[in-house]
Amino acid sequence: SSDHLRHVESMAQLPSGARRISHLNAVILGASLASEENDLVFPSHDFSRQALVSSPEQYRKMYESSIEDPAGFWSEIASQFYWNNKWDPEVYSENIDVRKGTVKLEWFKGGRTNITYNALDRNIEAGNGGKVAIYWEGNEPGDDGQLTYAQLLEKVCQLANYLKHVGVRKGDAVVIYLPMLMELPIAMLACARIGAVHSVVFAGFSAESLAQRIIDCKPKVVITCNAVRRGSKAIHLKEIVDGALIESVKNGVSVGLCLTLENKSAMKREDSKWQEGRDVWWQDVVPQFPIKCSVEWIDAEDPLFLLYTSGSTGKPKGVLHTTGGYMVYSAATFKYAFDYKPSDIYWCTADCGWITGHSYVTYGPLLNGATVVVFEGAPNYPDSGRCWDIVDKYKVTIFYTAPTLVRSLMREGDEYVTRYHRKSLRVLGSVGEPINPSAWRWFYNVVGDSRCPISDTWWQTETGGFMITPLPGAWPQKPGSATFPFFGIQPVIVDEKGNEIEGECSGYLCIKKSWPGAFRTLYGDHERYETTYFKPFAGYYFSGDGCSRDKDGYFWLTGRVDDVINVSGHRIGTAEVESALVSHPHCAEAAVVGVEHEIKGQGIYAFVTLVEGIPYSEELRKSLVLAVRNQIGAFAAPDKIHWAPGLPKTRSGKIMRRILRKIASGQLEELGDTSTLADPGVVDQLIALRDCQ
Ligand code: ATP
Ligand code: MG
């Protein structure tokens, strides 16, 4: 189990440019690790010296204690928070083995606490009431605002009091469909204060997708706003909600109250559609309520929120997180993975509609008393330098984003970045997909001036917090590798039969034992929870992702297992081929899928988006194929390159390979549901370009 620890131990003595793995190994691994695994990026001495975890030895000691004595390790962290009633002596009880009965996880059972109390009141009582909790940056440059911890608490209490007044009780669901206004985290925290279960739905989802979620969780209230500006467009959110509520009624779910914020900069209330009796303006009611609200003490295992996963792989699942374990885990992971210090200004570009916005815009940072930037707008409005403008404006020290954003900004050229100082930055972070080494390099060299470690955090909606992540300053990084497990996490790589494989290998990524932030069920469908996550490899939590471990014990995520392509018996991760393509200077983004192939079983079909201004050509096609041959091997060379002006992505920015597979195999009638795509138009563009080589 502590296989990787031995590696961490010996890491300090690693010669640079160490032994290359043989070509044969590379083929078996189906991986392009041969050159990448020797690419080490060391944290600077100065960084390591001030880091919370500053050496492999310190990590090893802490990790070992977290594995040998999980109860002691987690109790110590949990004790930093306020508990109205302490948990039972038994810190956790678990059964993650379906063979032995129902899968049931419990942490800090018997304890009673409140996550909002711990995020706000506790920090205020510690003397930080005047510290800025949220800097809000609007879509239009110059449109901004801020709230101190004390002010944020008042806003939260007013809404909490209002919700209580309209009959929302502990355990009731509240759906929140809001853009990144301060009212979004306010609404989450208000629900948590009174024990209501929030379900945030990303405010880019269609009426059907929203209805599906409302029908599933039957909320007492839906909270939204009339409209939002995105870039130069105004989007009428309230109309989308109206449509969803009508659809819900048809399915027997009638929501009695739609609390609507008037977002004046996007639309006046006179222009908004309205249903008397159901719709209420936030501004008319909430400010009338008291700025103090008593705390509802919540059982550690009472639900905190429900969040439906993005649906890149099918019908959305209502992932349910509970209170105590999630609180402890989101706070601890935030602190260590970003090397958080009280003087930091932290910005995560994720929307609160995703798990990242729950754990690392709202709860994790606020539990640590951090100052958080909340950004309403788009990273390319008014131009592609907006992110760095914001970094300079607020002196952001920790910047956390997604590879899709890194790649899209990289495509626009360095000048947008280098125009700004960015001297405040000290830690960068990435989440959502494997980050290609070339994108990693650009992020590191250009954005971070080769000064800031990158925390490439692997985790999922289901895991509540980081699972495999660098701890900046603790050890050398390898561009493209999420490095090592967080405290208390025991990742294992298993083969098809579910046997753990040791050492250098690749296979299915599973987790042994539970951790405090793990989800407890899929709402209303515990059976699906067990079948999807615990049955495939009995005794383990199965992540659904493929993974390799290199000779130094570093973990490399290779993408979803469903996305693995089998070419003449070689298992090739889509991430590896994409990474090789993106390393070509003219390739901005790539998505690879498998298609049926007479001889090879499966062939490789690559959708490629070029850097601005580069035209398609036969010569370029050849050089892209060559890039893959050189980096991975001839067996991984794409059979077809499909020029793609854009790629179909979910609203969280992930490539929807399900649709690309259909386009690649010509099953154009069976594209399935494209309504959750960020831009459904790209599908038609791709179909039109099918035969253009
Ligand atoms: P759905 O489960 O509905 O298809 P989703 O898996 O995209 O949606 P999330 O829970 O937000 O929803 O994403 C988790 C997945 O994202 C992981 O399983 C993994 O495939 C990918 N991922 C996240 N972070 C990383 C990372 N740092 N490196 C590699 N892959 C990552
Ligand atoms: Mg998933």
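The rules behind each value
Residues numbered from 1 in each chain as written. Chains lettered and ligands numbered in written order. Predicted model: local features only at pLDDT ≥ 70, side-chain atom pairs only at ≥ 80, totals over all residues. Heavy atoms only, no water. Helix = DSSP H or I, 4+ residues; strand = E, 2+ residues; numbered from the N terminus. Rg over C-alpha atoms; globule rule 2.2 N^0.38 Å. Buried < 20%, exposed > 50% of the residue type's maximum accessible area, 1.4 Å probe, protein only. Contact = heavy atoms within 4.5 Å. Lys, Arg positive; Asp, Glu negative; His and termini not counted. Charge placed at Lys NZ, Arg CZ, Asp CG, Glu CD. Polar contact = N/O pair within 3.5 Å; in protein donor to acceptor, adjacent residues only side chain to side chain. Pairing = 2+ DSSP bridges. Phe/Tyr/Trp six-rings, centres within 6.5 Å; stacked < 30°, edge-to-face > 60°. Lys NZ or Arg CZ within 6 Å of the ring centre and 35° of its normal. Axes fitted to C-alpha atoms, helices over the stretch in contact; angles between N-to-C directions. Parallel < 35°, antiparallel > 145°, perpendicular 65-115°, else oblique. Left-handed = near helix turned anticlockwise from the far one by under 90°. Nonpolar A, V, L, I, M, F, W, Y, C, P; charged D, E, K, R; others polar. UniProt positions renumbered as here; feature names shortened; annotations may be inferred. Salt bridge = Lys/Arg side-chain N within 4 Å of Asp/Glu carboxyl O. Expected span 1.5 Å × (residues − 1). pLDDT = per-residue confidence, 0-100. Core = buried A, V, L, I, M, F, W, Y, C linked by side-chain atoms within 4.5 Å.

1. A word on the overall build of the chain
Line of reasoning, step 1. A tally of regular secondary structure across the chain gives 23 helices and 32 strands.
Line of reasoning, step 2. Relative to the 2.2 N^0.38 estimate, which gives 26 Å for 693 residues, the radius of gyration of the chain is 24 Å and therefore close to what a compact globule would have.
Line of reasoning, step 3. When its C-alpha atoms are laid out on the principal axes, the chain stretches across 70 × 55 × 55 Å.
Line of reasoning, step 4. Counting all 693 residues of the chain, 63% fall into the buried class.
Line of reasoning, step 5. Within the chain, residue pairs in contact and separated by at least 24 positions form 72% of the contacts whose partners lie at least 6 positions apart.
Line of reasoning, step 6. Between the mean site of the 72 positive side-chain charges and the mean site of the 82 negative ones, the chain shows a separation of 1 Å.

2. A few points about the side chain of Ser481
Line of reasoning, step 1. Its location among the elements puts Ser481 in the loop between strand E21 (454–456) and strand E22 (490–494).
Line of reasoning, step 2. Taking relative accessible area as the criterion, Ser481 reaches 2% and is therefore assigned buried.
Line of reasoning, step 3. Within the structure, the side chain of Ser481 is placed 2.9 Å from the backbone nitrogen of Thr483, a separation counted as a polar contact.
Line of reasoning, step 4. A polar side-chain atom of Ser481 sits 2.7 Å from the main-chain carbonyl oxygen of Phe555.
Line of reasoning, step 5. When neighbours within four sequence positions are excluded, Ser481 is seen to be in contact with Asp456, Tyr554, Phe555 and Trp556.

3. A closer look at the sheet that holds strand E14 (residues 298–299)
Line of reasoning, step 1. On the basis of which strands lie adjacent, the open sheet formed by three strands has the order E1-E4-E14 and antiparallel pairing. Among the strands making up the open sheet, the edge pair consists of strand E1 (83–85) and E14.
Line of reasoning, step 2. The sheet contact formed by E1 and strand E4 (residues 112–113) spans two bridges and is antiparallel. Counterpart to Trp83 in the pairing with E4 is Thr113.

4. Let's talk about the packing of aromatic side chains
Line of reasoning, step 1. Counting across every chain of the model gives 58 aromatic pairs.
Line of reasoning, step 2. Ring plane angle 45° and centroid distance 5.5 Å describe the contact between Trp83 and Phe108, whose orientation is recorded as tilted. Of the two residues, Trp83 is situated in strand E1 and Phe108 in the loop between strand E3 (104–107) and E4; the sequence distance between them amounts to 25 residues.
Line of reasoning, step 3. What links up through ring pairs into an aromatic cluster is the set Tyr59, Tyr63, Phe73, Trp74, Tyr329, Tyr336, Trp475, Phe484, Phe486, Phe487 and Tyr554.
Line of reasoning, step 4. For the cation-ring pair, Lys86 lies above Trp87, with the distance from its terminal atom to the ring centre recorded as 4.6 Å.

5. Re the packing of helix H8 (residues 149–165) against helix H9 (residues 183–194)
Line of reasoning, step 1. One can describe the packing of H8 onto H9 by two numbers: an axis separation of 8 Å at closest approach and a directional angle of 60°. On the basis of their axis angle, the class for H8 and H9 is oblique. Our pair here, H8 against H9, has a crossing hand that is right-handed. Contacts between H8 and H9 involve Leu152, Leu153, Lys155, Val156, Cys157, Leu159, Ala160, Leu163 and Lys164 on the former and, on the latter, Ile186, Ala187, Leu189, Ala190, Cys191, Arg193 and Ile194.
Line of reasoning, step 2. Residues that form the contact of H8 with H9 fall into these classes: 13 nonpolar, no polar and three charged.

6. Looking at the environment of Gly138
Line of reasoning, step 1. Here Gly138 is to be found in the loop between strand E5 (132–137) and strand E6 (144–148).
Line of reasoning, step 2. For Gly138, a relative accessible area of 0% corresponds to the buried category.
Line of reasoning, step 3. Once the C-alpha coordinates of Gly138 and Leu425 are considered, the two residues, 287 residues apart in sequence, prove to be 21 Å apart.
Line of reasoning, step 4. Filtering out sequence-adjacent residues up to four positions away, Gly138 remains in contact with Asp143, Asp144, Phe375, Glu376, Gly377 and Arg386.

7. Description of unusual backbone geometry
Line of reasoning, step 1. Pro382 follows Tyr381 through a cis peptide bond whose omega is -5°.
Line of reasoning, step 2. Within the secondary structure layout, Pro382 lies in the loop between strand E18 (371–375) and helix H15 (386–394).
Line of reasoning, step 3. The backbone phi angle of Arg422 is positive, close to 60°, even though this residue is not glycine.
Line of reasoning, step 4. Residue position: Arg422 is located in the loop between helix H17 (415–418) and strand E20 (427–430).
Line of reasoning, step 5. Given a relative accessible area of 3%, Arg422 falls into the buried group.

8. Observations regarding the UniProt feature "domain: AMP-binding enzyme C-terminal" (unreviewed entry) in the chain
Line of reasoning, step 1. With numbering matched to this structure, UniProt assigns "domain: AMP-binding enzyme C-terminal" (unreviewed entry) to residues 576–654.
Line of reasoning, step 2. Here residues 576–654 runs as 27% helix and 32% strand, with 16 Å between its end C-alpha atoms.

9. Digging into the pattern of salt bridges
Charged atoms that come close allow side chains of opposite charge to pair.
Line of reasoning, step 1. With the rule as written, the count across this model stands at 40 salt bridges.
Line of reasoning, step 2. A salt bridge links Lys250 to Glu247; its shortest N-O distance comes to 3.8 Å. With Lys250 and Glu247 both in helix H11 (residues 237–250) and three residues apart, the pair spans about one turn of that helix.

10. Remarks on helix H13 (residues 324–337)
Line of reasoning, step 1. When the terminal C-alpha atoms of H13 are compared, their 20 Å separation across 14 residues agrees well with the 20 Å that a helix rising 1.5 Å per residue should span.
Line of reasoning, step 2. Counting buried positions over the 14 residues of H13 gives 13, a clear majority of the element.
Line of reasoning, step 3. Looking one or two residues beyond H13, the residue adopting positive phi is Asp339, at roughly 50°.

11. A word on the sheet that holds strand E24 (residues 505–512)
Whenever strands of a sheet pair, they do so through backbone hydrogen bonds, lying parallel or antiparallel.
Line of reasoning, step 1. In space, the five strands of this open sheet follow the order E23-E22-E24-E26-E27, with antiparallel pairing throughout. Edge positions in the sheet fall to strand E23 (500–501) and strand E27 (555–560), since each of these pairs with one other strand and no more.

12. Concerning the confidence of the model for the chain
Line of reasoning, step 1. Averaged over all residues, the pLDDT of the chain is 91; the fraction at 70 or higher stands at 94%.
Line of reasoning, step 2. With pLDDT under 50 throughout, residues 8–33 is counted as low confidence; its partners more than four residues away or in other chains account for 46 contacts.
Line of reasoning, step 3. The complex model carries a pTM of 0.89, and its ipTM stands at 0.99.

13. Here's the deal with the nonpolar core
Line of reasoning, step 1. Of all hydrophobic cores here, the largest spans 154 residues; its most connected members are Trp74, Phe108, Leu152, Leu159 and Phe487.
Line of reasoning, step 2. Those residues within four positions of Phe487 in sequence are excluded, and the remaining contacts are Val53, Tyr59, Met62, Tyr63, Ser66, Phe73, Trp74, Tyr336 and Leu471.
Line of reasoning, step 3. Counting 31 residues, the second-largest nonpolar core is a separate cluster that includes Val41, Phe375, Ile390 and Leu409.

14. Here's the deal with helix H10 (residues 207–217)
Line of reasoning, step 1. Ser209, Leu210, Ala211, Arg213, Ile214 and Cys217 are the residues of H10 that are buried.
Line of reasoning, step 2. Packing partners of the buried residues in H10 comprise strand E7 (173–177), strand E8 (197–200), strand E9 (221–225), H11 and strand E15 (303–308).
Line of reasoning, step 3. Positive backbone phi, at 45°, marks Lys218, one or two positions downstream of H10.

15. With respect to the pairing of E24
Line of reasoning, step 1. Taking burial as the measure, the eight residues of E24 include six buried ones, the bulk of the element.
Line of reasoning, step 2. Across five bridges, E22 lies against E24 in antiparallel orientation. Looking at E24, one finds that Pro491 is bridged to Ile511.
Line of reasoning, step 3. Across six bridges, E24 lies against strand E26 (residues 541–549) in antiparallel orientation.

16. With respect to the side chain of Asn38
Line of reasoning, step 1. Mapped onto the fold, Asn38 is located in the loop between helix H3 (33–36) and helix H4 (45–50).
Line of reasoning, step 2. For Asn38, a relative accessible area of 17% gives the class buried.
Line of reasoning, step 3. Among the polar contacts made by the side chain of Asn38, one reaches the side chain of Lys551 at a distance of 2.9 Å.

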